Structure formats: structure tokens, C-alpha cells
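Descriptive structure summary
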Amino acid sequence: MLNLECQVDILINNQEVLAENYAEIHDPGKLTDVVGRVAVGTAEDVDKAVQAAHKAFLDWRKTDIKERIEKISAAVKVVQDSMGDLVPLLVREHGGMLWEAQTDFGIGMATLEYYAGIGENFVKTEFIEDDSSWVSIEKKAKGVIGAIVPWNMPVCLTMMKVGPALVTGNTMVIKPSPTAPLAISILLKRIAAVLPDGVINVVHGDAGVGVALTRHPLVKKIAFTGGTETGAQVNGNAASFFKAVTLELGGNDPAIILDDVNPVDIVPNLLKGVYTRSGQICFAVKRIYVQEKMVDKFFNTMCDIVNEYKVGHGLEEGASFGPLNNNKQYNLVKAMIENTKNSGAVVRELGSKLNPEGWDNGYFLLPHVVKDEAHFSRIVSCEQFGPIIPIIPYKTVEQAIEYANETEYGLCSSVWSSDIQRALAIGQQIEAGSTFINNHSFESLSLGVPFGGVKNSGMGRELAGEPTLSAYIDYHTMRYLK
Ligand code: NAD
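Residues numbered from 1 in each chain as written. Predicted model: local features only at pLDDT ≥ 70, side-chain atom pairs only at ≥ 80, totals over all residues. Heavy atoms only, no water.

Bringing the pairing of strand β7 (residues 133-141) into the picture now. Within β7, seven of the nine residues are buried, which leaves it mostly tucked inside the rest of the structure. Pairing of strand β6 (residues 126-129) with β7 involves four bridges; the strand directions are antiparallel. Looking across to β7, one finds that F127 is bridged to S136. Taking the residues that link successive antiparallel strands as the turn, the β6-β7 hairpin has three residues. Pairing of β7 with strand β23 (residues 473-481), which is carried by nine bridges, proceeds in the antiparallel orientation. Looking at the pairing, W134 lines up with Y480 of β23. (Buried < 20%, exposed > 50% of the residue type's maximum accessible area, 1.4 Å probe, protein only. Helix = DSSP H or I, 4+ residues; strand = E, 2+ residues; numbered from the N terminus. Pairing = 2+ DSSP bridges.)

Listed below in C-alpha cells is the structure:
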């Protein structure tokens, strides 16, 4: 497995289409290794894929819901059966840990299964009848859905769109990220094979392909996950064609630590949300507010635990987290660490290199913990997306809430306290899509519970029942008077 290279092509109508150009995908934890090659698509490929998806839509929307669900259930099995060969491939192209790639597949599979389970009830036509009138409310599929996904959790972020889109009768053109396209594309090819031709199509590329998809007149909705700046462009392009959008964007999640906790009791749990995937998770904890009297104890406790971390390749035994995914992100986080060191804040570089000889052959960074005096410093106000976390003191709970809300972002957040009622009362005042109490990690997500942001963190909700599914349909009503 380790030395095999794979190639992923464009997929239209269940046929692999060769591209003129291919880009190499290197292992971010072993840059000299080429993991595979990915097609570089064009606007013409997007048009062909959308035409195929549109043609398939005309039948798929009329296919009986039970048959659609059977086919989605077959896709669930495909995800399960694919974990053996694709999980290690995902680790090698992405840079995460083996367990993180398994989690990506696991959440993806559970999401598909969830929508297969609730779809039939949702799509049922509703009738309202009284003495004077008869009304039907039908839920009609929109048509071709354009799905654009990032590199950080490619499988589950794609399946969060595939499940609701297909069960409601839509077809899809999917654009994976150019920096983690291999495992998800092979998986999508296998899923497409258990569906009618053209129901799922895949076009590779970067912004040019994304723009062509967003502006194509036959695409009726864009389901996008990625950075806030890109989301703004997607939103603008989609709006000029009156397309629906779901936008899952960046986050700068605050964790507020109340003065009634013992740091030793909560830090291990809190850290699950900080350095997992090297901090490259939209809803990772990105700033920690601690009551000023507790800051030193909290900082020291955190440093002691983080200092035990070993940074290495995801397939190596004993690594706590892996490299950053790509050169751009690596340089950005490295520069941020340097700026923070120069700002006068206390910055501790911790942990150790699992394999010092291979260190320079990957986008590796050690974990950093920052004791920051300034709430407005760059490391606090931006989305760092890397293994560095600032701890900021607050005086009063009111000030902590004010700090938490003083941001353009509003994805998730958490409050940590030994008093659940006190934490809930504070949580209610936080401007975010979700506030978790005494947790903030993958364990905080739950199928059926809406996930998504407010402010510049997005529009719409994924993982939910009605709030997610209703964004993939249009209501059609008929009424006659008696
Ligand atoms: P990105 O915005 O650079 O890219 C996301 C996708 O958009 C890629 O497939 C890219 O090729 C495509 N794209 C780029 N320019 C485009 C354009 N003009 N029009 C259409 N598509 C375009 O994001 P990234 O670096 O791949 O991912 C990291 C970001 O994603 C972080 O900000 C992270 O917080 C966010 N994210 C959010 C969630 C969430 O659920 N809220 C989940 C995961 C990641």
C-alpha cells in the first residue's frame, strides 16, 4: 500500500474522463513521496458534468423514495467496505492521524445512514383539508446540486451534502479540494457505481472550476464548506443566479473557563478540541479565556500535558498529531508563530519530534501555547488553523462573554464549569451556532443536531433533519376551494 501511487480522473456519467493535465499529490508528512495524481479539470468539464447530472435528475427525482433509500443504503456499505484501503490513503494525502481519518469515514458513513433513515418521512406530501379548501404541500427536489469541499475532513464534509441531496431527489456535481482529492474521489467513484449513471459526478480543480460550477445556470444550489473569504465569493456568484446556498465557513471558537473548575480536571478534555488534526478543524478551540487569578495554574497545567505530545507521521506509532496539510497553511501558521513571539506574549514551544530525521521532509510544527495579555492580538482575532493556542485572561464573566462575541466569526464555542446551570446561562449569551458545555471536540457533534455558524461563519445548517433537508427542496403547493 505505502508505495503505490494512484490517479483520480474526472467522473461524468459513471465514466472516468481523462484530463489534459494532472497535479501530483505529495504526502505532507513525507514530501518526497508522491501519493497520487489528480486531474485538473476545466469549465468545459464542469459543463459536461452538470449536463449529465441534469439529465440524470429527470429520472432520479421520479424514482420511488424507497428505491432511492435502498441505493443510499448500498452507498453506506460502500463507505464501510472502503475504509480498509482508503483510510491509510487519506492519512498519506492529508497528514492526519489514522484515528482521525477513521473518524472522517465513520462520521461520513453515519451521516449517509442517518439521511437514508429520515428521508422517507421528510419527503411525504402533506395535505390540509377543511370545510372550505383542499391543500397539498409537496417537497420537490431542486435539481443539480454543486458541492464544493475543503481538505480538512473531506469524507464527512462531502457525505453531509450527498445524504440530504440524494434522498430528496437531487443529483450532484462534486468538487473536492485540490490538496486532499484522492481518497474521497475513489470513494465517490465507488458510490456512483451503485447509483444510476449521472447521479454523482466529480470534477477536480481549484477556484476556476469552483467558479464555473457556482455560476452554471443548471446548478440550482451550492453546498459549500471552506474558508470565509471563499464563501463570500461563492455567495456573490450564486446570488447573481438566484441559487440557494449552504455555507459552512471558518471559525474562531472561544472556550470560556469559569473560576469554579480545577484545570487538572478539564484540560485533558479541552485539549481534544485544540490540537486534533494539528488544529485544522473549523470548530477547533481557537482561543481560551481564563479567569485572571487562574491563568498561571491553567497555563502551567496545559503546558505540562502538551509537552508530552509527539509530532509525527499519521502512520507512525506514537504520533499525537501530524503535519499541516499544505505549504500555504504551513507558511501562514509559521509566520503567525513568529509574529506572536515578537509581540511580547509568552510563547512556549512544546512537545517533541517523533522522527527528527524526517522532520524537514514534512510540514511539521510543534505545539505552541501562548499566554497572551492582549485580547485583540492577531493570534486571538484570526482563525489560526494550526497547532498554536492563545490563553487570554478575563476579569469578570461579563468581560469573558464580551470577548467571546467580539469576533466576525460565530461557529461553535464552549463553557467549562462545575456548575452546569451557570454554564448554560452563560452559553445562552454567546453568538454562535453551537455552545458545548464541558466538551468541544468531535464528541460534541450529534446527528440530528443542527451544525453551522452565525455571522461570517456561515448560512444554513448541516447534520440536522428538517433544517438541512428543507434547504435541498422547493415547496410546491396546490389548493382548490370547495
Ligand atoms: P478554501 O476556502 O480555500 O477552499 C474550499 C474549497 O473551495 C476548495 O475545494 C477550493 O478549491 C474551492 N474554491 C476556492 N476558490 C473558490 C471560488 N472562488 N469559488 C468556488 N470554489 C472555490 O478552504 P480550505 O483551505 O480548503 O479549508 C479550510 C477552511 O475551511 C477553513 O477556514 C475552515 O474553517 C473551513 N471549514 C469550515 C467548516 C464548517 O463546517 N464550517 C468545515 C471544515 C472547514
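More follows now that the structure is in view.
This brings us to the site of the ligand. Every one of the 30 residues lining the ligand counts as a neighbour, but D206, T230, Q233, L249 and E383 are closest to it. Backbone polar atom of G227 to an oxygen atom of the ligand: 2.8 Å apart, as the coordinates give it. A distance of 2.7 Å separates a nitrogen atom of the ligand from a polar side-chain atom of Q233. Computed on the free molecule, the ligand has an accessible area of 850 Å², of which 90% lies beneath the protein chains in the complex. The class makeup of the residues in the shell around the ligand is 16 nonpolar, ten polar and four charged. Taken together, domain 1 (6-249 + 456-481) and domain 2 (253-446) each give at least three residues to the shell around the ligand, which thus spans both. (Near = heavy atom within 4 Å. Polar contact = N/O pair within 3.5 Å; in protein donor to acceptor, adjacent residues only side chain to side chain. Areas by Shrake-Rupley, 256 points an atom, 1.4 Å probe, with all protein chains shown as cover. Nonpolar A, V, L, I, M, F, W, Y, C, P; charged D, E, K, R; others polar. Domains from an automatic or database assignment.)

Looking now at the packing of aromatic side chains. For the coordinates displayed, the defined rule picks out 14 aromatic pairs. Ring geometry for W151 against F385: centres 5.7 Å apart, planes inclined by 75°, an arrangement best described as edge-to-face. Separated by 234 residues along the polypeptide, W151 in the loop between β8 (144-148) and α4 (154-167) and F385 in the loop between α11 (378-381) and β19 (388-394) bring together distant segments of the chain. In this structure, W151 and F385 share a single accessibility class: buried. Seen from their ring centres, F283 and F436 are 6.4 Å apart, and the 65° between their planes marks the pair as edge-to-face. On the criterion of sequence distance, the pair formed by F283 in the loop between α8 (263-271) and β14 (285-291) and F436 in strand β21 (residues 436-437) is long-range, its members being 153 residues apart. The burial state of F283 is the same as that of F436; both residues are buried. Members of the aromatic cluster, connected to one another through ring pairs, are W99, F283, F436, F442 and F451. (Phe/Tyr/Trp six-rings, centres within 6.5 Å; stacked < 30°, edge-to-face > 60°.)

Let's shift gears to the UniProt feature "domain: Aldehyde dehydrogenase" (unreviewed entry) in the protein. Look at the UniProt record and you will see "domain: Aldehyde dehydrogenase" (unreviewed entry) annotated at residues 23-475. Summarising residues 23-475: 40% helix, 21% strand, and an end-to-end C-alpha distance of 42 Å. (UniProt positions renumbered as here; feature names shortened; annotations may be inferred.)

Tallied over the full model, the rule gives 18 salt bridges. As a salt-bridge pair, K189 and E16 come within 3.3 Å of each other at their nearest N and O atoms. With K189 in helix α5 (residues 182-193) and E16 in strand β3 (residues 15-17), this pair connects stretches of sequence that are 173 residues apart. Look at K189 and you get partly exposed, because its relative accessible area is 35%. For E16, a relative accessible area of 43% gives the class partly exposed. When the shortest N-O distance is used, the salt bridge between R277 and D104 registers 3.8 Å. (Salt bridge = Lys/Arg side-chain N within 4 Å of Asp/Glu carboxyl O.)

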